[in-house]
Amino acid sequence: MPKLLVVDDEHDICDFVKNFFQERGFEVFTASNGDEALAMVKEDKPDIVLLDVKMKGMDGIAALKHIKDIDRSLKVIMVTALEDQDKMVEASKLGACDYITKPLVLDHLEQTVDKRLKEMPDQGLKGEFSER
Ligand SMILES: [Mg+2]
C-alpha cells in the first residue's frame, strides 16, 4: 500500500485529498504544519509528500529543505497558487519533483502521484495500477 503524506494548513484540503486517496487504496497521513510534517517523514516514511507552499510558521520551501535533509530521494510534490512561480523555481532547485496548482484538480493530482509511484522500483504496484 503506497503511503502519502499530505501537508496543508487548510484542514479542508487535507481531508479532501485524504479521502480521495484513501478510496484509491493509499495509506494517507496528514500534517497541518512543517514541524508535524518533518516528524511524520521520519516516523511514517511516506513514499510521496504533497506539500503546500503557503503555511504559517515554516513554509513549504523551508519544509522541503528539511525533508530533503532527512531523505534526499523522497518524492515531494509542491502544491501552490499560480502566482508562486518564483518559489517553484526555487523548489525545483531544492529537489521537488513536481508542482501542482490550487484549486486542486483531483484527476491531475492522481496522475502526478501515479506517475511518480511508477518510477519507484521497490513499490511493486504495477499490477495494482494497471487494473484501473
Ligand atoms: Mg496554505
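Model, not experiment: these values are computed from the prediction. The residue numbers shown here count from 1 along each chain, following its written sequence. Only residues with pLDDT of at least 70 get local features here, since the model is predicted, and only at 80 or more are side-chain atom pairs given and counted; chain-wide, interface and lining totals rely on the full set of residues. Working from all heavy atoms in the structure, the side-chain values ignore hydrogens and water.

A. Representation of the pairing of strand E3 (residues 48-52). Think of it in three bands: with a 1.4 Å probe and only protein chains considered, a residue is buried below 20% of the maximum accessible area for its type, exposed above 50%, and partly exposed in between. Segments assigned H or I by DSSP are reported as helices when at least four residues long, segments assigned E as strands when at least two residues long, and all are numbered from the N terminus. Burial within E3 is extensive, with five of its five residues counted as buried. On E3, burial covers both faces: Ile48, Leu50 and Asp52 on one face and Val49 and Leu51 on the other are all buried. At least two DSSP bridges between two strands are required for those strands to pair. Both strand E1 (residues 3-7) and E3 contribute to a ladder of four bridges, which runs parallel. Looking at the pairing, leucine 5 lines up with valine 49 of E3. On the question of chirality, the crossover connecting E3 to the parallel strand E4 (residues 75-80) by way of helix H3 (residues 60-70) is right-handed. Clockwise travel from the first strand over the helix to the second, with the strands pointing away from the viewer, marks a crossover as right-handed.

B. Quick look at the coordination of the magnesium ion. Sodium, potassium and calcium take a 3.2 Å donor cutoff, other metals 2.8 Å, and in both cases only N, O and S atoms count; water is not among them, so sites may look incomplete. Taken together, the protein donors to the magnesium ion comprise Asp9 (OD), Asp52 (OD) and Lys54 (O), at separations of 2.1 to 2.3 Å. Mapping the donors of the magnesium ion onto the primary sequence yields the spacing D-x42-D-x1-K. Here aspartate 52 lies in strand E3 and aspartate 9 lies in the loop between E1 and helix H1 (11-22), a separation of 43 residues in the sequence. A relative accessible area of 3% places aspartate 52 in the buried class.

C. Geometry of the nonpolar core. In these notes, a set of buried Ala, Val, Leu, Ile, Met, Phe, Trp, Tyr and Cys residues joined through side-chain atoms within 4.5 Å is what counts as a nonpolar core. Val7, Val49, Leu51, Ile67 and Met78 are the most contacted members of the largest nonpolar core, which totals 22 residues. For this core, the secondary structure elements donating two or more residues are E1, strand E2 (27-31), helix H2 (34-44), E3, H3, E4 and helix H4 (85-93). The leading source of residues in this core is H3, at four residues. Note on contacts: a residue pair qualifies if any of its non-hydrogen atoms lie within 4.5 Å across the two residues. Excluding its chain neighbours within four sequence positions, the residues that come into contact with valine 49 are Leu5, Val7, Val41, Ile67, Leu74, Lys75, Val76 and Ile77. In terms of nonpolar packing, the next biggest core, distinct from the first, is built from 20 residues, Leu4, Cys14, Ile100 and Leu104 among them.

D. Examining unusual backbone geometry more closely. The peptide bond linking lysine 102 to proline 103 adopts the cis configuration, its omega dihedral lying at 0 degrees. You can see proline 103 is positioned in the loop between strand E5 (98-101) and helix H5 (106-118).

E. Main features of the packing of H1 against H5. Under this scheme, a helix contributes an axis fitted over its contacting stretch, all axes are lines through C-alpha atoms, and angles between N-to-C directions fall in the 0 to 180 degree range. The interhelical angle for the contact between H1 and H5, taken along N-to-C directions, is 60 degrees, at an axis separation of 12 Å. Viewed along their axes, H1 and H5 adopt a mutual orientation that is oblique. As for the relative orientation of H1 and H5, their crossing is right-handed in sense. Packed against H1, whose contacting residues are Phe16, Val17, Phe20 and Phe21, the element H5 presents Leu106, Leu109, Glu110 and Val113 at the interface. Of the residues that constitute the contact of H1 with H5, the class distribution is seven nonpolar, no polar and one charged. Roughly parallel covers angles under 35 degrees, roughly antiparallel covers those over 145, roughly perpendicular covers 65 to 115, and oblique covers all other angles. By definition, any crossing whose near helix is turned counterclockwise from its far helix by less than a right angle is left-handed, and any crossing with a clockwise turn is right-handed. Side-chain classes follow a simple rule in which Ala, Val, Leu, Ile, Met, Phe, Trp, Tyr, Cys and Pro form the nonpolar group, Asp, Glu, Lys and Arg form the charged group, and the remainder, Gly included, forms the polar group.

F. Expanded view of the side chain of aspartate 98. Positionally, aspartate 98 belongs in strand E5. Relative accessible area serves as the criterion here: at 15%, aspartate 98 is assigned to the buried category. Polar side-chain contacts of aspartate 98 include one of 2.6 Å to the side chain of arginine 116. Dropping the residues within four chain positions of it, aspartate 98 is found in contact with Val76, Ile77, Met78, Thr112, Lys115 and Arg116. Nitrogen and oxygen atoms within 3.5 Å of one another constitute a polar contact, given that in protein one can donate a hydrogen and the other can accept it, and given that sequence-neighbouring residues count only through two side-chain atoms.

G. View of the environment of serine 92. For serine 92, the location among the structural elements is in helix H4. Overall, serine 92 belongs to the partly exposed group, its relative accessible area being 48%. The spacing of serine 92 and methionine 78 is 14 residues in sequence and 9.2 Å in space, taken between C-alpha atoms.

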